[in-house]
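Listed below are the residues making up each chain.
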Amino acid sequence: MGKHSFFFKNYVTHLILIVCAFAVAGGVFHYQMSNYALASKQAELRTTVQSLAEQTRLMLGTDSEIIQQIYMISIGTVAKEDAITVYVTDPNGSIQVIAGPDGLATTAPDYRLSQEVVQQVHRTGSYAEVGRLGMMDDNSSYTVGTGVTGPDNQLSAMVFVYTKDAAAADMVRHSTQTLMLILLITLAVALILSFILSQHMTRPLKVIAGAAKEFAAGNFEVRVPEDNHCYEIDELAVSFNNMARDLNQLEELTRGFISNVSHEFKTPMTTIGGFVDGMIDGTIPADQRDKYLHIIAEESRRLSRMVGRMLDAAKIQSGELILNPAPFDFSEMTTQILLSFEQKIEKKQLEVNCEMDDRLIVMGDRDHLYRAVYNLVDNAVKFINPNGCLRLRAHPDGKFCTFSIRNTGAGISAEDLPHVFDRFYKADRSRSMDKTGAGLGLYIVKNIINLHGGEISVSSNGGATEFEFTLPLAPQQLPGSKQ
């Protein structure tokens, strides 16, 4: 079975609901009108049948032929004046007297009523139906009957009156037809309005669907209107635009990343290839080879670090980065990292302030945290101004250890600050002192800290930049624990 559009399903749903509602309304109206006509006619017939029942009760027990003739004439007169048919039967349903609208009253002892009619009068004392004494008839016929009790309070006779009221039936039929005409006109108008409203409701969805197709084709600049006067569709439009904006930004970052990685890989590889070729063809003298081998080794380590960072970023992205937490001395590890930058610190003649407890035991993966702290120190030393100040602090703070590293220098611009931890993000190269890297270092640092249950933040003002993060302390380091 083929798929249908949301517009088609919405419109068909409205159509079904409207038709069902109108059908129910028409049925209820017809039922109410029929009941009203029946109740009105039966109330009128009950008055007549009660009058005839009184006359029949007075006649019971008399053998006077004159009284019986008067009774017959009276029944014929009532039947003629009211245009009804009167039946008078004995308790068993045998018709004793029958009078029609022509005023003629006769006896018909050979005719009997159905047992269902007789049993109902015996059971309830009265009878009423649309039709004629249980026989098939149209809905313009009405019959009302009642039982007549004798002096011994036993059922002695039954009186029924029957009439056809075409006017009442016509009124019901005409009213129902009028209502159906009104409903049909209303239905046509409702369907037209429903068609217009359905188109109006589905138009934003068609716009979003069209934008999604362009989006799938690679056009991340497409946007959809966010003011559609429908909360759910507006929410969908906002989410779509946010997704498009984020993916557009990611696409730009990915292109930048590819460009950066290509550039960063090309430089050391060109250097390594050039020096190796120089050694092979003799351009580089033998007494200079050790110097250039050291350069090649350093460039190789640089390539290895870049590949390692990209692998770590891929593991973080896929959730495959595994931690092996254990207690270790964070102060000792940080001091060891700081000593590895001794030559760079002396070269820039930096002032270093290190405020850390002698023994600060944290719970974490030492190798991954070493990489995170090393990266932060490397960035600080790289971007600090000559003769600048580098400050490191680490101290217990409740159940956590708080570490901060602050360096003077150009700082980070306000527009770059919210994005420093984003994957592939790099600040404007024209204003950056860093000419290397692919924008993965701080992204990896943030994820390593988060995986340890800590938080990291950055601030930059007054020409100084400060990174601060927290790590959980080992149980033996917590306040109140036994050392």
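Now for a quick tour of the structure. Here the structure is a predicted model, which means the values were calculated and not measured.

Side chains of L181, I185, V189, I192, L193, F195, I196 and L197 sit close together on the surface and give an oily, nonpolar patch of about 760 Å² of accessible area. Mapped onto the elements of the fold, F195 is located in helix 4 (residues 166-216).

To continue, consider the nonpolar core. One finds F330, V373, V377, L390, F403, I405 and F469 to be the most contacted residues of the largest nonpolar core, which totals 41 residues. Broken down by secondary-structure element, the contributors of at least two residues to this core are helix 7 (330-340), helix 9 (366-383), strand 10 (389-397), strand 11 (400-408), helix 10 (441-451), strand 12 (456-461) and strand 13 (464-472). For this core, the leading source of residues is helix 9, giving 7 residues. Non-local contacts of F403, meaning those with residues more than four positions away in its chain, are made with F330, T334, V373, L392, R393, A394, F467, E468 and F469.

A few words now on the pattern of salt bridges. Scanning all chains against the criterion turns up 6 salt bridges. Across the pair R366 and E332 runs a salt bridge, and its minimum N-O distance is 3.2 Å. Taken together, the positions of R366 in helix 9 and E332 in helix 7 put the pair 34 residues apart, joining distant regions of the chain. For R366, a relative accessible area of 29% translates into the label partly exposed.

Looking now at the packing of helix 7 against helix 9. For the pair helix 7 and helix 9, interaxial distance at closest approach is 10 Å and the crossing angle is 45°. In terms of orientation, helix 7 and helix 9 fall into the oblique class. Considering how the two elements wind past one another, helix 7 and helix 9 form a crossing that is right-handed. Along its contact with helix 7, which presents F330, E332, M333, T334, Q336, I337, L338 and S340, the element helix 9 presents R366, L369, Y370, V373, Y374 and V377. A per-class count over the contact of helix 7 with helix 9 returns 9 nonpolar, 3 polar and 2 charged.

Conventions we followed
- Residues numbered from 1 in each chain as written.
- Predicted model: local features only at pLDDT ≥ 70, side-chain atom pairs only at ≥ 80, totals over all residues.
- Heavy atoms only, no water.
- Patch = residues over 30% accessible without salt bridge, like charges linked within 9 Å, V, L, I, M, F, W, Y side chains within 5 Å.
- Areas by Shrake-Rupley, 256 points an atom, 1.4 Å probe, with all protein chains shown as cover.
- Salt bridge = Lys/Arg side-chain N within 4 Å of Asp/Glu carboxyl O.
- Helix = DSSP H or I, 4+ residues; strand = E, 2+ residues; numbered from the N terminus.
- Core = buried A, V, L, I, M, F, W, Y, C linked by side-chain atoms within 4.5 Å.
- Buried < 20%, exposed > 50% of the residue type's maximum accessible area, 1.4 Å probe, protein only.
- Contact = heavy atoms within 4.5 Å.
- Axes fitted to C-alpha atoms, helices over the stretch in contact; angles between N-to-C directions.
- Parallel < 35°, antiparallel > 145°, perpendicular 65-115°, else oblique.
- Left-handed = near helix turned anticlockwise from the far one by under 90°.
- Nonpolar A, V, L, I, M, F, W, Y, C, P; charged D, E, K, R; others polar.

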